[in-house]
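Listed here are the chains, written in short residue letters.
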Amino acid sequence: MGYTLTEKILREHLVDGSYEPGTEIGIRIDQTLTQDATGTMAYLQFESMGLSDIATDLSVSYVDHNTIQVGFENADDHLYLQSIAEKYGIYFSRPGNGICHQVHLERFGRPGKTLLGSDSHTPTGGGLGMVAMGAGGLDVAVAMGGGAYYLTCPRVINVHLTGELRPWVTAKDVVLQTLCNLSVKGNVGSVCEYTGPGIDKLTVPERATIANMGAETGVTTSIFPSDQQTRRFLAAQGREDQWIPLAPDADAVYDRTIEIDLSEVEPLMAAPHSPGNIVPVSQLKGTPVDQVMVGSCTNSSYVDLMTVAEMTRGRSLPWNVCFGVAPGSRQVLRMITRNGGLDALIAFGARILESSCGFCIGNSMSPKTGSVSVRTSNRNFKGRSGTPSANVYLASPVVAAAAALTGEITDPRELGLEFPRVEMPEKFQIDDSMIIPPLPAEKRAPIEILRGPNIGEPPRNAPLPGDLAGVVTIKVEDNITTDHIMPAGSRLKYRSNVPKYATFVFEPLDQEFPARAADLRDKGRHNVIVAGLSYGQGSSREHAAMCPMYLGVRAVVAKSIERIHAANLINFGILPLSFSDESDYDLLRQGAEILIPGIRQAVERGDQEVIASDGQSNREIRLKMNFSSRQRKILLAGGLLPYTVAQGD
Ligand code: MIC
Ligand code: SF4
């Protein structure tokens, strides 16, 4: 029985456990990436581990999320990140150089390698044949120090592509179709492996779009083989020597197979307020549009932007539409400048934004009240754009451009235009002058790490107490995203200042929560969050665990918790518990007492279930806790940082 490509790469990197899907394995990480919004905490935690060097082949620190300076905080973070990169031999991609996933694909990703990034869209690297995964910053810090990364050995889903995309149908529609087939639920612990004759014509940037947004299905990652397309891309980036051929065995066995005939894919959109809410463009046409935004790590490649430029060339933007374009990297920006695409966009009326995340994370270009915004990004959770009443639709660049041309959602096939077939260049314009390479080891010792007043200490949790005696401080519904738990947007600049950032926990849902939780914490009680299905979906931000931990949260009791968030909770010593009987969710009201006597012993023993009570009625609430022995040790220690530090002693 042959191996899938995922299995081949994971087996080669296996350092702990045995390759059995569903069990916990530890793998060696070759490359790491961080971005500024998660990076400062990741490096502060790396520093507290007391290591003198990184142990990866390559680690890169990107500044792409908080590049807009209002106040000193972001600038302080950037300086801290630059000095820490110099100190530890890490590449530093300066603000303005581009979005981490786009730049990593262009300049650093390598087939067959493992990549761990403190950002949930790290799977973008799967477009190059890497096993690339998103994780919390602390996991990345541990991997940077040479520690294994632990994950559930995945089940592999074969996404078998046949046929060829028709004009006006793009890679974005392929991933939206995949999302439609897979949905945003029930894929935890799986990897999507793309196979079949349909992949031959997909370029690496197109594959990267697909792998990027695969994150929205909840899979651990997505991966494409490394073939002649991969070789062509690496050669165009001046890195052909880094190419190796990689493919699954012909008799590889997959857990399940999804067939997609590319010639049948239609232009699609994700309607408000979930990336899984897929609707054909033809059903939405005529919807008036107020704003169109092109960019983000999903769709901001050279071909994406040149296609939009060609569609809009010589035309003019309707007066009622605001149109913004954020190139994914400086490489893309320089190339569309050289090729006249930038001029066409500006002439059309585009507002050109910095090569960064910007609008995607809601820290700029928030649309007007109650508006419709069509975006090429990957998430349209309510309020993420910075405007809670806005309706955000996700679409491909050509569908976005069609909306900008007409002022309404339009099927691009009905524009009456000829499809502008822009080819991926044979040579990209290579300019790494905004990437600061690592210094030789002997020059690093005297480097001083620069910490402005915004840089705080990463908080640590106390060991797990014997009994949990607390209160349901908040009860939330299904599908709570990390954007609900720990909003980004205008609050992003406090990412390095946990006491301040913690004052915004659950801001979109309940602004009294932080004060209520802090009050109970100060009285020595434990705070417990009760949640519905898919709690913590979306981003990898560990602040969604770290800040609740700072406010004294000791457990999350939910119908289900998403993969990266559950790992982050454990990393910060918060128990992720799930109802054995989902209907018990109705029993636990906000403000109710919750008691779990003997919780420490139960975790020590490796119990799979624990009994909670509300302290009044005699009802028993059974809670599942399926932890590996490593996770139990981390929880007992109060989190991964105290656990790792103790191991090093
Ligand atoms: C996102 O797209 O939500 C982010 C912002 O990139 C996050 C990381 C963060 O919150 O810093 C992610 O995807 O992990
Ligand atoms: Fe940045 Fe948006 Fe991509 Fe997150 S999804 S990394 S905010 S561009």
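Counting from 1, residues in each chain are numbered in the order their sequence is written. Throughout, the order in which chains and ligands are written sets their labels, letters from A for the former and numbers from 1 for the latter. Whole-chain, interface and lining totals are the exception, using all residues; otherwise, since this is a predicted model, local features are given only for residues with pLDDT of at least 70 and side-chain atom pairs are given and counted only at 80 or more. To obtain the side-chain values, all non-hydrogen atoms of the structure were included, while hydrogens and water were left out.

**Q** Is there a simple way to think about the site of ligand 1 in this case?
**A** Any residue with a heavy atom positioned within 4 Å of a molecule or strand is treated as near that molecule or strand. Around ligand 1, 14 residues are found, and the nearest of them are Asp119, Ser120, Arg495, Ser540 and Arg541. The term polar contact refers here to a pair of N or O atoms within 3.5 Å; inside protein, the definition further demands a hydrogen-donor-capable atom paired with an acceptor-capable atom, and it admits residues adjacent in sequence only when both atoms are side-chain atoms. At a separation of 2.5 Å, an oxygen atom of ligand 1 approaches a polar side-chain atom of serine 120. To measure how exposed things are, a 1.4 Å probe is used in the Shrake-Rupley method; for residues, cover is taken only from the protein chains shown. Contact with the protein chains hides 97% of the accessible area of ligand 1, taken as 330 Å² for the molecule alone. Residue classes in the shell around ligand 1 are distributed as 2 nonpolar, 7 polar and 5 charged. Throughout, the ten residues Ala, Val, Leu, Ile, Met, Phe, Trp, Tyr, Cys and Pro are labelled nonpolar, Asp, Glu, Lys and Arg are labelled charged, and all others, Gly among them, are labelled polar.

**Q** What is the right way to look at the nonpolar core in this model?
**A** Grouping buried Ala, Val, Leu, Ile, Met, Phe, Trp, Tyr and Cys residues that are joined through side-chain atoms within 4.5 Å yields what is termed a nonpolar core. The buried label applies to any residue whose accessible area, calculated with a 1.4 Å probe on protein chains only, is under 20% of its type's maximum; exposed applies above 50%, and partly exposed to all values in between. Within the largest apolar cluster, 83 residues are counted, with the highest numbers of intra-cluster contacts made by Phe506, Tyr535, Val557, Leu575, Leu577, Ile599 and Leu623. We call two residues contacting when some pair of their heavy atoms lies within 4.5 Å. Setting aside its immediate chain neighbours within four residues, leucine 577 contacts Ala555, Val556, Val557, Ala558, Ile561, Ile596, Leu623, Lys624, Met625 and Phe627. One finds Leu128, Val204, Val332 and Tyr393 within the second-largest nonpolar core, a separate group that totals 61 residues.

**Q** Before we go on, may I ask you to explain the packing of aromatic side chains in this structure?
**A** The geometry of an aromatic ring pair is captured by the separation of the ring centres together with the interplanar angle, meaning the angle of the planes. Within 6.5 Å between ring centres, the rings of Phe, Tyr and Trp (the latter by its six-membered ring) count as paired, and their orientation is classed by plane angle as stacked under 30 degrees, edge-to-face over 60, tilted in between. For the structure on display, the rule yields 9 aromatic pairs. Ring geometry for tryptophan 168 and phenylalanine 419: centres 5.0 Å apart, planes at 65°, overall edge-to-face. Taken as a pair, tryptophan 168 in the loop between strand E9 (155–162) and helix H6 (171–182) and phenylalanine 419 in the loop between helix H13 (397–406) and strand E20 (435–436) lie far apart in primary sequence, 251 residues in all. A single burial state applies to tryptophan 168 and to phenylalanine 419, both of which are buried. Here the aromatic rings of phenylalanine 506 and phenylalanine 513 are separated by 5.0 Å at their centres, their planes lie at 85°, and the arrangement is edge-to-face. For phenylalanine 506, a relative accessible area of 0% gives the class buried. Using a relative accessible area of 0% as the deciding quantity, one classes phenylalanine 513 as buried. When the ring centre of tyrosine 494 is taken as reference, the NZ or CZ atom of lysine 500 above it lies at 5.2 Å. Here a strand is any run of E in DSSP of at least two residues, a helix any run of H or I of at least four, and the numbering for each starts at the N terminus. In our convention, an over-ring charge means Lys NZ or Arg CZ found within 6 Å of a ring centre and within 35 degrees of that ring's normal.

**Q** What should I look at first to understand the sheet that holds strand E5 (residues 91–93) in this one?
**A** Two orientations exist for strands paired in a sheet by backbone hydrogen bonds: parallel and antiparallel. Strand pairing is assigned whenever DSSP detects at least two bridges linking the two strands. Ordered by their spatial adjacency, 6 strands build an open sheet running E7-E6-E3-E4-E5-E20, and the pairing between neighbours is mixed. Of all strands in the sheet, those bounded by a partner on one side alone are strand E7 (131–134) and E20. The pairing of strand E6 (residues 114–117) with E7 spans 4 bridges and is classified as parallel. Bridged to threonine 114 within E7 is valine 131.

**Q** Looking at this structure, how should I read the side chain of glutamine 35?
**A** Positionally, glutamine 35 belongs in strand E3 (residues 31–35). Judged by relative accessible area, which is 3%, glutamine 35 ranks as buried. Only 3.1 Å separates the side chain of glutamine 35 from the backbone nitrogen of threonine 38, close enough to count as a polar contact. At a separation of 2.9 Å, a polar atom in the side chain of glutamine 35 contacts the side chain of aspartate 119. The residues contacting glutamine 35, other than those within four sequence positions of it, are Tyr62, Asp64, His65, Cys100, Ser118 and Asp119.

**Q** It is not clear to me how the pattern of salt bridges should be interpreted in this structure. Could you clarify?
**A** Side chains that carry opposite charge are capable of pairing whenever their charged atoms lie near each other. Salt bridge criterion: a side-chain nitrogen from Lys or Arg within 4 Å of a carboxyl oxygen from Asp or Glu. Under the defined criterion, the tally for this structure stands at 33 salt bridges. With a closest N to O distance of 3.1 Å, glutamate 414 and lysine 285 form a salt bridge. With glutamate 414 in the loop between H13 and E20 and lysine 285 in the loop between helix H9 (281–284) and strand E15 (291–294), the pair connects residues that are 129 residues apart, well separated along the chain. Among the ionic pairs, glutamate 310 bridges to arginine 313, the shortest N-O distance being 3.0 Å. Taken together, the shared-partner salt bridges in this structure form one network comprising Arg166, Glu266, Asp411 and Arg413.

**Q** Any chance you could explain the packing of helix H2 (residues 36–48) against helix H5 (residues 137–144) here in plain terms?
**A** Geometry of a packed helix pair, given as the angle between the helix axes and the separation of the axes. Closest axis-to-axis distance for the H2/H5 pair is 8 Å, and the angle between their directions is 45°. Taken together, the axes of H2 and H5 lie oblique to each other. Remark: the crossing between H2 and H5 carries right-handed chirality. Across the interface between the two elements, Ala42, Tyr43, Gln45 and Phe46 of H2 pack against Gly137, Leu138, Ala141 and Met144 of H5. Among the residues forming the contact of H2 with H5, the class breakdown is 6 nonpolar, 2 polar and no charged. Note on geometry: axes are C-alpha line fits, over the in-contact stretch for helices, and angles between N-to-C directions span 0 to 180 degrees. Should an angle fall under 35 degrees it is called roughly parallel, over 145 degrees roughly antiparallel, and 65 to 115 degrees roughly perpendicular, with every other angle called oblique. For any pair of crossing helices, the crossing counts as left-handed if the nearer helix is rotated counterclockwise from the farther one by less than a right angle, and right-handed if it is rotated clockwise.

Honestly, that's just the spatial picture; any functional story needs more than this.
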